[in-house]
Amino acid sequence: MFGQLFIFIIGIFSLVMGIQSGDYIWAFCGLVMSLSGIHLIYKLKTGKNIWDKPNT
């Protein structure tokens, strides 16, 4: 769990630093890393992917 939180925190940090410095490629990489971290944390907590549809 620490690894996933670390990925999320570094992603947010990269996103903010990229926007502040004007390096939008770095900011985009931070955004992707943050979203990956959110997905990993969600999958660990629920055991499902975010885009899984409920069975009807």
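For the structure itself, look to the data block above.
It should be emphasised that the depicted structure is a prediction, and the values quoted were computed from it without experimental measurement.

Draft legend 1. Fine view of the overall build of the protein. Counting secondary structure elements, the protein contains two helices and zero strands. Relative to the 2.2 N^0.38 estimate, which gives 10 Å for 56 residues, the radius of gyration of the protein is 14 Å and therefore markedly larger than a compact globule would have. Its C-alpha atoms give the protein principal-axis dimensions of about 45 × 25 × 10 Å. Counted over contacts in the protein with a minimum sequence separation of 6, partners at least 24 positions apart contribute 39%. Entry remark: accessible area of the protein is about 4,500 Å², with carbon and sulfur atoms responsible for 72%.

Draft legend 2. Representation of the side chain of N49. Secondary-structure assignment places N49 in the segment after α2 (24-46). Classification of N49 as buried rests on a relative accessible area of 17%. A distance of 3.3 Å separates polar atoms of two side chains, one belonging to N49 and the other to H39. There is a polar contact of 3.2 Å between the side chain of N49 and the side chain of K43. When sequence neighbours within four positions are dropped, the list of residues in contact with N49 reads H39, Y42 and K43.

Thresholds applied
Residues numbered from 1 in each chain as written. Predicted model: local features only at pLDDT ≥ 70, side-chain atom pairs only at ≥ 80, totals over all residues. Heavy atoms only, no water. Helix = DSSP H or I, 4+ residues; strand = E, 2+ residues; numbered from the N terminus. Rg over C-alpha atoms; globule rule 2.2 N^0.38 Å. Contact = heavy atoms within 4.5 Å. Areas by Shrake-Rupley, 256 points an atom, 1.4 Å probe, with all protein chains shown as cover. Buried < 20%, exposed > 50% of the residue type's maximum accessible area, 1.4 Å probe, protein only. Polar contact = N/O pair within 3.5 Å; in protein donor to acceptor, adjacent residues only side chain to side chain.

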